[in-house]
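Residue-level structural notes
Here are the chains, one letter per residue:
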Amino acid sequence: MGDMTNSDFYSKNQRNESSHGGEFGCTMEELRSLMELRGTEAVVKIKETYGDTDTICRRLKTSPVEGLPGTAPDLEKRKQIFGQNFIPPKKPKTFLQLVWEALQDVTLIILEIAAIISLGLSFYHPPGENNEAKQQDGAAAMEMQPLKSAEGGDTDDKKKASMHKKEKSVLQGKLTKLAVQIGKAGLVMSAITVIILVLYFTVDTFVVNQKPWLPECTPVYVQYFVKFFIIGVTVLVVAVPEGLPLAVTISLAYSVKKMMKDNNLVRHLDACETMGNATAICSDKTGTLTTNRMTVVQVYVGDVHYKEVPDPSSINAKTMELLVNAIAINSAYTTKILPPEKEGALPKQVGNKTECGLLGFVLDLKQDYESVRSQMPEEKLYKVYTFNSVRKSMSTVIKLPDESFRMYSKGASEIVLKKCCKILNGAGEPRVFRPRDRDEMVKKVIEPMACDGLRTICVAYRDLPGSPEPDWDNENDILNDLTCICVVGIEDPVRPEVPEAIRKCQRAGITVRMVTGDNINTARAIAIKCGIIHPGEDFLCLEGKEFNRRIRNEKGEIEQERIDKIWPKLRVLARSSPTDKHTLVKGIIDSTHTEQRQVVAVTGDGTNDGPALKKADVGFAMGIAGTDVAKEASDIILTDDNFSSIVKAVMWGRNVYDSISKFLQFQLTVNVVAVIVAFTGACITQDSPLKAVQMLWVNLIMDTFASLALATEPPTETLLLRKPYGRNKPLISRTMMKNILGHAVYQLTLIFTLLFVGEKMFQIDSGRNAPLHSPPSEHYTIIFNTFVMMQLFNEINARKIHGERNVFDGIFRNPIFCTIVLGTFAIQIVIVQFGGKPFSCSPLQLDQWLWCIFIGLGELVWGQVIATIPTSRLKFLKEAGRLTQKEEIPEEELNEDVEEIDHAERELRRGQILWFRGLNRIQTQIEVVNTFKSGASFQGALRRQSSVTSQSQDVANLSSPSRVSLSNALSSPTSLPPAAAGRECESLPPRVPPPPAPGGQEGRGRGARDSGGRRS
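What you see is a predicted model, and the numbers here were worked out from it, not measured in a lab. (Residues numbered from 1 in each chain as written. Predicted model: local features only at pLDDT ≥ 70, side-chain atom pairs only at ≥ 80, totals over all residues. Heavy atoms only, no water.)

**Things to note about the pairing of strand 3 (residues 295-301)**
In terms of burial, strand 3 is largely enclosed, as 5 of its 7 residues are buried. With 6 bridges joining them, strand 3 and strand 13 (residues 482-491) adopt antiparallel strand pairing. Bridge pairing links tyrosine 300 to valine 487 in strand 13. Note that strand 3 and strand 4 (residues 304-306) share 3 bridges and pair antiparallel. Bridging across to strand 4, valine 301 finds its partner in valine 304. (Buried < 20%, exposed > 50% of the residue type's maximum accessible area, 1.4 Å probe, protein only. Helix = DSSP H or I, 4+ residues; strand = E, 2+ residues; numbered from the N terminus. Pairing = 2+ DSSP bridges.)

Okay, structure coming up:
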């Protein structure tokens, strides 16, 4: 009925209701209130308000069998009254909102302040001499700012994308921290520059030359101080890596585009890089790890257990007829097996996958289910008991030619076999099926099937008399005294690529956990096939009920300490509810049990998976099987529902992180050199060797081109050979710091050598202390050209950040990188040879060019020298961009729980708490009675009573408990000893530290005990 939270969407519909609701006899408000009820409450409400379901159908002008009439006018009228059946899209942000969000970046804020100061100072015109030269640096700073701001303005898409979460992504947090650190360092350098320039000028003018401060000279002195201040601002601007937001966005945008080809549709940009830091993946089983293509692989029929589909001739004709009819008739007629769409492909399964598996079994037996259905069309079915979570079975009643009835039934083998009193033998005749026969069958047939990872389905039938007609509403009597036809083992095969994908994850330091609704034996068998668990390892497999029992205290509250004892070893969570999944994900994310905080990815396809997908650092929704709600809550959509696509997302995520690190290593080297050159040049020669427009070109190389070149490196398999960086690892490692400072030393040594003795080396005129309007010098052109050449070759060095020696490895796999390096080189030739006065360049001779290129090439050799120095010896090197624990969890995060779980979830929880209280009271009363009868102390029972009152505080923390059987609790005989009474109510939250429980398996490999305490 659309998005319940969209008030505009609903207010329009409610206006329609007042005028049109009468046409259908039900308003949308009534239907909505009805949908909020569950189970028996809903049945009671229907009976009270409408009488029965048929009355509702008549009012809504629909048929319980055929549905809506489907005519265009009817559908249009329903749309007007009840609204369209879709989730209204969120209102997009305006362009100005996006610009404003982008401007919140720390790097850009520093540059904005610098731009405002530069702009303000550029309007200052003191009286006196022509001050064109004095304004040059200020104008340069002004020129640079619009470029930098414009670059950043459209870059921070990731920031707007992450607005759905309060917590910053790992990379965002580290970049913000690094930008602040660099900003502080730049501020200190600019302040020192201004102080030194002011002191130098003051001492030189008033102390050495002993000039007096004359009032008429004040404007000139002020002009000098303004120039010094502008030089300080220029140093600050040079220090800030303004290309960083651009590099991040280019890297993310490029990765997102490429990930689409790897079946990852990224909805939030920041999820892409967060995935690179993932330490845990909580995956669904069906459809993600498995093919979601059910196939019958074993069958027990005619007293024989076949390990593969039997030959049709080996099955008795009577049994075969019953079997084919039972499967063909007692399944949804919309479920079909269609011919393959492509030649050589498998037949297409349409509808319920389990029923498709059974129909496929009929076809494997060389029988035809379509002919059975054509003889018994859907409208001739007399009564259908549809499958639900309580029945765990589906039954269909048909009328036979002799006016008697036959009911076909199928469902979970442990449920249906309990209702069987006969079984067909090898001759197709029913024989008595006693409880001890059932126990033997469970032991010899069903358990071995389950241990092979098969889902077991029992197919049965019952003949009922036509006169008197049975009371069809009395399900307990009808669904009983069945005759078992066969038990089949259905397998959902593991996707062939999954074991290798999981092995890659484990090698990459990522723990894969399976969270499934299947039974624990099947789940464990699939986990072994996938490679999630290995026999002999120390692992834990739990059922949802047992998981809840272990993580809750006496009051039924979830405790983080209890979760911390379980999650590190937990590999399989079976029979779990969506709320169990949310509890597990939240528990792992909030845990401080390990040194590194966990980064958790989750897969989900159902509407109920929404809270877990929202809570996870990265939520993956299934593109094929996923609901709209799951997709809306997710960060990435797997368009092929395949686990191996998650491994591709990890590769791309790590690649983004490494690309940003490569760019940082390159740019910070340039920044360190540029700041020191600007600083020393200003302090020693009163002029910068690199002119304003030249610095603009260097900035362009550093920012736009370098970010494009280094951020588009394709990922390689080697990215999966290392552990995740995690939340706390610094963005700039000590190896990177060694590379930055090492290359800065090389570049500064050569630039200062060329600055002070370059004219003698090349036998040219010195460019130092040149007159104000003198033409560009060869001396300073050589310095500029050499500086650019060193940056170009250092860009190749920056491709490797972990100390690798071969910096050319895979360079031709990135044509963008090669194009940019060669393109930059070509433009540099044009600027130097033909740039003239605008670029302050004088054309160079061939030998001068060769020297510049030779010095640039020296960067590659120097890189090998730096790689030889072991980082472990350089203890003095500091790391930068480290996230601290305190910054990672803002205060509002702690209260986020209530916000992120929607209204329906909270209502559900409230109902569960009331349910718990009622059960606690009943349990206490039973215990008190039992205690009095057994004559034991009743202090324990009274203690339990006192714990009930404290449960009202648990509305926010309580997750969905396992389903509790009230009838069990009520029916436990009063003569039971206290221990037995405890067993009857074992699914209630424990009140004392629990003993090892029957719901889980804890131990080593195959020796682990299953839910019945048996050894598997």
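**A closer look at helix 13 (residues 269-276)**
Within helix 13, 8 of the 8 residues are buried, which leaves the element mostly enclosed by the surrounding structure. Among the residues of helix 13, Leu269, Asp270, Ala271, Cys272, Glu273, Thr274, Met275 and Gly276 are the ones counted as buried.

**Some points on the pairing of strand 18 (residues 618-622)**
In terms of burial, strand 18 is a largely internal element, 5 of the 5 residues being buried. Of the two faces of strand 18, both are covered, the one formed by Val618, Phe620 and Met622 as well as the one formed by Gly619 and Ala621. Two elements, strand 17 (residues 600-604) and strand 18, share 4 bridges in a ladder whose sense is parallel. Residue pairing across strands places glycine 604 opposite alanine 621, the latter belonging to strand 18. Taken together, strand 18, helix 26 (residues 628-633) and strand 19 (residues 636-638) constitute a β-α-β crossover, and its handedness is right-handed. (Right-handed = clockwise from strand over helix to strand, strands pointing away.)

**Topic: the nonpolar core**
Among the nonpolar cores identified, the biggest contains 120 residues, and Met275, Ile532, Phe620, Phe643 and Phe784 are the most heavily contacted of them. At 20 residues, helix 27 (residues 643-685) tops the list of elements feeding residues into this core. Ignoring sequence-local partners within four residues, the contact set of phenylalanine 620 consists of Asn264, Met275, Ala601, Val602, Thr603, Gly604, Leu613, Ser634, Ile636, Leu638, Ile646 and Ala649. By size, the runner-up hydrophobic cluster in this structure holds 36 residues, among which are Met320, Cys356, Phe361 and Ile485. (Core = buried A, V, L, I, M, F, W, Y, C linked by side-chain atoms within 4.5 Å. Contact = heavy atoms within 4.5 Å.)

**Quick look at the confidence of the model for the protein chain**
Chain-level statistics for the protein chain give a pLDDT mean of 78 and a share of 79% at 70 or above. Note on residues 1-21: pLDDT is under 50 here. Beyond four places in sequence and across chains, it has 42 contacts. Scored below 50 in pLDDT, residues 129-166 makes 85 contacts in the model with residues more than four places away or belonging to other chains. (pLDDT = per-residue confidence, 0-100.)

**With respect to the packing of helix 14 (residues 317-329) against helix 15 (residues 353-364)**
Where helix 14 meets helix 15, the closest approach of the two axes is 10 Å, and the angle between their N-to-C directions is 145°. Considering how the two elements wind past one another, helix 14 and helix 15 form a crossing that is left-handed. Residue-level contacts link Leu323, Val324, Ile327 and Ala328 of helix 14 to Leu358, Leu359, Phe361 and Val362 of helix 15. (Axes fitted to C-alpha atoms, helices over the stretch in contact; angles between N-to-C directions. Left-handed = near helix turned anticlockwise from the far one by under 90°.)

**Digging into the packing of aromatic side chains**
Using the criterion set out here, one finds 19 aromatic pairs in the structure. The interplanar angle of 50° and the centroid separation of 4.8 Å between the aromatic rings of tyrosine 382 and phenylalanine 405 together place this pair among those described as tilted. Here tyrosine 382 is found in the loop between helix 16 (369-375) and strand 7 (383-385), whereas its partner phenylalanine 405 is found in strand 9 (residues 405-412), with 23 residues between them in sequence. Residue tyrosine 382 is classed as partly exposed on the basis of its relative accessible area, which comes to 35%. Overall, the relative accessible area of 0% leaves phenylalanine 405 in the buried class. With a centroid separation of 6.3 Å and an interplanar angle of 25°, the aromatic rings of phenylalanine 752 and phenylalanine 756 are classed as stacked. Of this pair, phenylalanine 752 and phenylalanine 756 both sit in helix 29 (residues 734-762), 4 residues apart, which is roughly one turn of the helix. By relative accessible area, phenylalanine 756 is classed as partly exposed at 33%. One aromatic cluster in this structure is built from Phe201, Phe206, Trp213, Tyr221, Tyr224, Phe225 and Phe228. The lysine or arginine in question, arginine 373, covers the ring of tyrosine 333, its NZ or CZ lying 4.8 Å from the ring centre. Taking the ring centre of tyrosine 725 as reference, the NZ or CZ of arginine 722 above it sits at 3.9 Å. (Phe/Tyr/Trp six-rings, centres within 6.5 Å; stacked < 30°, edge-to-face > 60°. Lys NZ or Arg CZ within 6 Å of the ring centre and 35° of its normal.)

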